[in-house]
Amino acid sequence: MEVIEQALVWGETVLIEHLPEKVDPVMEPLLGKRTIKKGRYILFGDKECEYNKNFQLILHTKLANPHFPPELQAQTTLINFTVTPEGLGDQLLGRVVSSERPDLERLKLTMQQNHFKIELKRFEDDLLSHLSAAHGTFLSDNSLVEQLENTKCMATHIQCKVVEARENETKINEARELYRPAAKRASLLFFIINDLSKINPMYQFSLKGFYSVFNKAMEHAERDEDVRTRVHTLTEAITYSVFLYTSQGLLERDKLTFLSNTAFQILLSQGLIDPQEFEFLLHFPVEATNVSAVSFMSPQTWGCIKTISTMEKFSGLDKDVESSPKRWRKFVESSCPEDEKLPQDWKNKSTLQKLIILRALRPDRLTYAVRKFVEESMGTKYVSTRLEFEKLFEESSPSTSMFFILSPGVDPLRDVEKLGLKLGFSIDRGTLHNVSLGQGQEEVAERVLRHASEQGHWVILQNVHLVARWLPSLDDLLETAAVDCHASYRVFITAEPVQNPEQHVIPRGILENAIKITNEPPSGMNPSLHDALNNFSQDTLDMCSRGQEFNSMLFSLCFFHACVTERRKFGPQGWNHNYPFSTADLTISAHVLYNYLEANSKSMQVPWADLRYLFGEIMYGGHITDVWDRRLCKTYLQEFMNPNMFGAELFLCPGFLAPPFLDYTGYHVYIDENLPTENPMVYGLHLNADLECLTVTSENLFRSLCDLQPQDPSRRDEATESTEEKVMDIIEDILEKLPEEYSVVEMMAKTTERSPYILVCFQECERMNLLLAEIRKSLNELDAGLKGELTISSSMDTLQSALFNDFVPDSWARLAFPSTKTLAQWLNDLMSSCHELDSWTQDFVLPAVVWLSGLFNPPSFLTAVLQSIARKTQWPLDKMTLTVDVTKKVKEDFGHPPREGAYIHGLFMEGARWDVESGIISEAFLRDLTPSMPVLYVRALPAEEQDVRNTYECPVYRTKQRGSTYVWSFHLRTKEPPAKWVVAGVALLLSL
């Protein structure tokens, strides 16, 4: 405002840049229609200021650039509404100082100096006016001489005051700087929470809400006479208050991301951790290698160690691991390596450096290590905090609604109704209104909101995500209804989180002006089984005439429900797709069970097959879209729903016998006393599934941390330059190694034979050509752009970002085979695929052992095996099938292909291992997550001749993501029942 006042007088141009959607109330009268020009004055707010005819006010948003005459640019004052860390820090410093030391309020000095300038300008204008009106000798004009004298005295007086003000300002600034750490910390925290929308668009926070938290933290911080102690207390209070305010609205999977990012950013700002080491920890480049120098490390882990060893502070790590394998093996195989000391001199490494080594050796324990790191650096209270709903409600107001982010299996409205009864708000009394939004409910919601704001009632708006088109109107309505409303008026909103940003529909205004709350159910078999049982009561158990059968089968049904819902946490190894199993599936199934038992009460026979079909194909199976997931669901039911449960012979999981005939309370007690502690074996999975799950969680954590890293303006130019240099080096390296495209026309001229294998070879070459052409074209374009020869486009910018972060660019991935590898590993595979094609296209003889993982289309090659034998034997193709024999040899043991069929390699088993000596599927070794398979001999034979006894039909997938990457299925020999491997999620993978 002061800047604009001065510009009015001096005729300057004011450029207001990046105008926000909602303008600060102080600025609103100036920028809105209420700005009035009145002669030589302009009215805004409650002030009337004289303005110069050259005064201009220029507004523009991010979408429009300002255009004004060049001659005015030198006089332009810039007001930028875009918040920066430094600018916000200065604002917050002013708030801290005005609260702690009101005597140091700088604003008064600024206004005083502006007043002096305005007064001086007024005197100068009056003097010039008198001079221009003077006639003859101005010395004879007494009034003019007096005016000159007055102006001179005033100028001298103002000059002294200005000097005095500057001296005072210097002293004030020195005192103000003592409070700088608290303001700097607060500014840092705002930008940390502001960036959370990058990982989930539901996480929107306003500066207004942040100011409220900031002010309350200062009010409640413990007082101290010592300024430095007081500043430290303020800093900690602000940090903890912002942490509580933010974490209450985050999903469980994102809470550690936010907490660890906060810890890392605070330590970086204090210079307590090395930025280069932190950058390495986040991006963690891995050197591609196919062998390991030590037996207890996989090739990928050894590649990590080799990469770490290239850093100065980790020099010699690889040699030390090789020379002291026993010590390092003990550390690697520890159940909690984050609590162990590193071997030998490495134990003196910093906590961050230990995290780097842990990410290489035990990525599955990294989330625990990061949590411990946060606890050590910030305090225990940050890792064990939960706010009660009643406390959160105290922060709400008529203009600040409460927004519940829904989680499956949790009803957040129970807390609202419980608190409402305590405070006198309920549906029965007509003071609590519950509107479940859907088609046609928008008008009802609008009417209820207006009525509630007048009467001071509570309103619950459920599932607002279902009315996307109406939400902008709701945003405006919430704002207008809160104006001049009853003090007791409150709004509670619920919505489901979205799977990806493209599906996000909640307006920013609703999210920013609300207190966001998440309430997720506890995970694990024990709480899930209790929750499943809580859907029923003793009356439920007593209602069936066949009580013993009904009770036992209902308990097994609850256990089945807990299994299928909790299994989702193991990702693709649990289920290929994420299905929305709900308590409704359980309760309806219980009613079906009751009806069937009552209908067969006379025969006393349990219709096992009918019930399993209804549960597995309709109730729960109605959600399932994948054939292998359907098989898993049916297998669970076959294991849990069979006559053995009545003879105390049925184990629902290892160590947990199906309970005897008990009452309702007895079943709850039985669960607590007999259910094993939480581990993957409870669900039929191997212990390695937990390691895989934790490893994926760690990778997701660091991927999110990479996305959240702020762009420091002070280092932007330097960072951009280093980024471009690195990317140009990568481009040069790739283009140098990239092979030439295949001349398919020349190859086709070399041979007239068109066998199925040769056709597959041609198809692979054509696909490879498309990929190589796209890689070469996009890299050349980006190279020209970085050199300034072309304008950088959005696609070039995306490619540059992918190359810098070691990701496979989307434009390449669309033309390639599915992969979850880093760019370096992916390129290594690409070169290997080209090498395979080079040898294949020399004489078009099938390679001795085909690298199935290196093909663009593995199903086409396996189909070619069928076709080649069908042509040779004249068997009908639709009556044939593939059979697989697992050899005891590796690729190097074969010098030529078989006479019929093919040898293939490059497969890995997940969930189990292949016992080479016994030739059967066996239990996996702990921490050997995906052991490699020997060479497989694939051939075709009539389907009726295939012997599938004592075999497990094992699905084959391209990657660990499974699902849509399905390739084929092979029957593998087993001595165990196939159901064991079905529930263990055993599969073959072509790529890790």
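Notes on the structure in this doc start here. As the structure is a prediction and not an experimental result, all values here were calculated from the model.

What counts, and where the lines are drawn
- Starting from 1, residues in each chain are numbered consecutively following that chain's sequence as written.
- Given that the model is predicted, a residue must reach a pLDDT of at least 70 before its local features are reported, and side-chain atom pairs must reach 80 or more before they are shown or counted; all residues, however, enter totals for whole chains, interfaces and linings.
- Computation of side-chain values covers all heavy atoms of the structure but excludes hydrogens and water.
- In DSSP terms, a helix is any run of H or I states spanning at least four residues, a strand is any run of E spanning at least two, and both are numbered starting from the N terminus.
- Residue exposure (1.4 Å probe, protein chains only): buried if accessible area is under 20% of the type maximum, exposed if over 50%, otherwise partly exposed.
- Should any heavy atoms of two residues lie within 4.5 Å, those residues are counted as being in contact.
- The Shrake-Rupley method, run with a 1.4 Å probe sphere, supplies the accessible areas, and residue values consider only the shown protein chains as cover.
- Residues enter patches when they are more than 30% accessible in relative terms and free of salt bridges; like-charged ones are connected within 9 Å and nonpolar ones (Val, Leu, Ile, Met, Phe, Trp, Tyr) within 5 Å.
- Only one rule defines a salt bridge in this text: a Lys or Arg side-chain nitrogen within 4 Å of an Asp or Glu carboxyl oxygen.
- Positive charges are assigned to Lys and Arg, negative charges to Asp and Glu, while His and the chain termini are left out of the count.
- Every charge is mapped to an atom, namely NZ of Lys, CZ of Arg, CG of Asp or CD of Glu.
- Centre distance within 6.5 Å is the pairing criterion for rings of Phe, Tyr and Trp, where only the six-membered ring of Trp is used; planes under 30 degrees apart are then read as stacked, over 60 as edge-to-face, and the remainder as tilted.
- A ring is considered to have a charge above it if a Lys NZ or an Arg CZ atom is located within 6 Å of its centre and within 35 degrees of its normal.
- At least two bridges found by DSSP between two strands are what make those strands a pair.
- As used here, the term nonpolar core means buried Ala, Val, Leu, Ile, Met, Phe, Trp, Tyr and Cys residues forming a set that is joined through side-chain atoms within 4.5 Å.
- Our arc is simply the arc of the directions from the helix axis toward the C-beta atoms.
- Between N-to-C directions, angles cover 0 to 180 degrees, with each direction set by a line fitted to C-alpha atoms, over the stretch in contact for helices.
- By definition in this entry, angles of less than 35 degrees are roughly parallel, angles greater than 145 are roughly antiparallel, angles of 65 to 115 are roughly perpendicular, and the rest are oblique.
- Two helices that cross are described as forming a left-handed crossing if the nearer one is turned anticlockwise from the farther one by less than a right angle, and a right-handed crossing if clockwise.
- Each residue is assigned to one class: nonpolar for Ala, Val, Leu, Ile, Met, Phe, Trp, Tyr, Cys and Pro, charged for Asp, Glu, Lys and Arg, and polar for all the others, Gly among them.
- Expected helix span is computed as 1.5 Å times (number of residues minus one).
- Every crossover in which the path from the first strand over the helix to the second runs clockwise, viewed with the strands pointing away from the viewer, is termed right-handed.
- For this text, the term disulfide refers to a pair of cysteine sulfurs within 2.5 Å.

## Here we look at the overall build of the protein
A tally of helices and strands in the protein yields 37 helices and 23 strands. Out of the 992 residues belonging to the protein, those deemed buried represent 48%. A fraction of 73% describes how many contacts in the protein between residues 6 or more apart in sequence connect residues 24 or more apart. Here the protein has roughly 49,900 Å² of accessible surface; of this, 50% comes from carbon and sulfur atoms.

## What about a negative patch on the surface?
Together, Glu222, Asp224, Glu225 and Asp226 make up a region of like negative charge exposed at the surface. On the secondary structure map, Asp226 appears in the loop between helix 8 (207–220) and helix 9 (227–247). Looking at Asp226, the relative accessible area reads 40%, which means it is partly exposed.

## Brief notes about the pattern of salt bridges
Overall, the coordinates contain 31 salt bridges when judged by the stated rule. Salt-bridge contacts for Lys634 lead to Glu617; the nearest nitrogen and oxygen are separated by 3.6 Å. With Lys634 in helix 27 (residues 627–640) and Glu617 in helix 26 (residues 608–619), this pair connects stretches of sequence that are 17 residues apart. On the basis of relative accessibility, which here comes to 37%, the residue Lys634 falls in the partly exposed class. Between Asp829 and Lys821 there is a salt bridge, and its shortest N-O distance comes to 2.7 Å. A relative accessible area of 23% places Lys821 in the partly exposed class.

## Some points on the packing of aromatic side chains
Within the structure shown, the criterion is met by 38 aromatic pairs. Ring centres 6.3 Å apart and planes at 15° place the aromatic pair Phe393 and Phe492 in the stacked group. Here Phe393 is found in helix 17 (residues 389–393), whereas its partner Phe492 is found in strand 10 (residues 490–495), with 99 residues between them in sequence. Judged by relative accessible area, which is 12%, Phe393 ranks as buried. Look at Phe492 and you get buried, because its relative accessible area is 0%. Over the ring of Phe314 we find Lys349, and its NZ or CZ is 5.6 Å from the ring centre.

## Observations regarding unusual backbone geometry
The backbone of Phe844 shows a phi angle near 60°, a positive value even though the residue is not glycine. Topologically, Phe844 is positioned in the loop between helix 35 (823–843) and strand 14 (850–851). The backbone of Arg927 sits at a positive phi, close to 70°, despite the residue not being glycine. Structurally, the position occupied by Arg927 is in the loop between strand 19 (920–922) and strand 20 (936–942).

## Some remarks on the pairing of strand 11 (residues 514–518)
Among the five residues in strand 11, five count as buried, and that is most of the element. With burial as the criterion, each face of strand 11 is covered, one bearing Ala514, Lys516 and Thr518 and the other bearing Ile515 and Ile517. By the bridge criterion, five bridges tie strand 7 (residues 401–405) to strand 11 in an arrangement that is parallel. By the bridge assignment, Met402 is partnered in strand 11 with Ile515.

## Structural notes on the sheet that holds strand 14
With mixed pairing, the four strands of this open sheet are ordered in space as 14-16-20-15. The open sheet has two edge strands with one neighbour each: strand 14 and strand 15 (880–886).

## Here we look at the nonpolar core
The biggest cluster of nonpolar side chains holds 134 residues, and the ones touching the most others in it are Phe559, Leu803, Trp812, Trp826, Phe861 and Phe970. By residue number, the principal contributor to this core is helix 32 (residues 756–786), which donates 13 residues. When near neighbours in sequence (up to four residues on either side) are disregarded, Phe861 contacts Tyr757, Val760, Trp840, Leu846, Val850, Leu852, Leu855, Ala902 and Ile904. Counting 109 residues, the second-largest nonpolar core is a separate cluster that includes Tyr179, Ala182, Phe214 and Leu437.

## Some remarks on a nonpolar patch on the surface
A cluster of nonpolar side chains, contributed by Met681, Leu687 and Leu926, occupies part of the molecular surface with about 250 Å² of accessible area. Mapped onto the elements, Leu687 comes out in the loop between helix 28 (664–674) and helix 29 (688–708). Assessed through its relative accessible area of 34%, Leu687 is described here as partly exposed.

## Topic: helix 14 (residues 325–332)
Residues of helix 14 that are buried include every one of Trp328, Phe331 and Val332, and no others. Down the axis of helix 14, the buried set is contained in an arc of 100°. They therefore lie on one face. Along helix 14, the residues that are exposed and aim more than 90 degrees away from the buried face are Lys326 and Lys330. Where the residues of helix 14 are buried, they touch helix 13 (317–323) and helix 15 (351–361).

## A closer look at the sheet that holds strand 11
Strand order in the open sheet formed by five strands is 8-9-10-7-11, with parallel pairing between adjacent strands. Only two strands of the sheet have a single partner each, and these edge strands are strand 8 (432–436) and strand 11. Across this sheet, the average inter-strand angle for adjacent strands is 20°, counted without regard to direction.

## Digging into the packing of helix 8 against helix 9
Two elements in contact, helix 8 and helix 9, have axes separated by 8 Å at closest approach and are oriented at 135°. Between helix 8 and helix 9, the crossing angle belongs to the class labelled oblique. Crossing handedness for the pair helix 8 and helix 9: right-handed. When helix 8 is examined against helix 9, the residues Gly209, Phe210, Val213, Phe214, Ala217 and Met218 are found in contact with a partner set consisting of Arg230, Leu234, Ala237, Ile238, Ser241, Val242 and Tyr245. When grouped by side-chain class, the residues that make up the contact of helix 8 with helix 9 number ten nonpolar, two polar and one charged.

## Quick word on the packing of helix 7 (residues 180–194) against helix 8
In the contact formed by helix 7 and helix 8, the axes pass within 11 Å of each other and the chain directions differ by 140°. It follows from the interaxial angle that helix 7 and helix 8 lie oblique. Relative to helix 8, the crossing made by helix 7 is right-handed. Taken together, the residues of helix 8 that come into contact with helix 7 (itself represented by Ala186, Leu189, Phe190 and Ile193) are Leu207, Phe210 and Phe214.

## Quick word on helix 8
Note: α-helices contain 3.6 residues per turn, so residues at a spacing of three or four share the same orientation. For helix 8, spanning 14 residues, the distance from its first C-alpha to its last is 20 Å, which sits close to the expected 20 Å at 1.5 Å a residue. By the burial criterion, the buried members of helix 8 are Gly209, Phe210, Tyr211, Val213, Phe214, Ala217 and Met218. Of the surrounding secondary structure, the elements contacted by the buried residues of helix 8 are helix 4 (85–100), helix 7 and helix 9.

## A word on the pairing of strand 9 (residues 458–462)
Of all five residues that make up strand 9, four are buried, and the element is covered over most of its length. The pairing of strand 8 with strand 9 spans five bridges and is parallel. Paired with Val435 across the strands is Leu461, a residue of strand 9. For the crossover from strand 8 across helix 19 (residues 442–455) to strand 9, the handedness is right-handed. Relative to strand 10, strand 9 runs parallel, the two sharing four bridges. In the sheet register, Val459 faces strand 10, and the bridge partner there is Val491. Since strand 9 and strand 10 lie parallel, the crossover through helix 20 (residues 471–481) that links them has a hand, and here it is right-handed.

## Details of the state of the cysteines
As enumerated under the stated definition, the model contains zero disulfides in all. The cysteine Cys761 is free of any disulfide, with Cys765 supplying the nearest cysteine sulfur at 4.4 Å.

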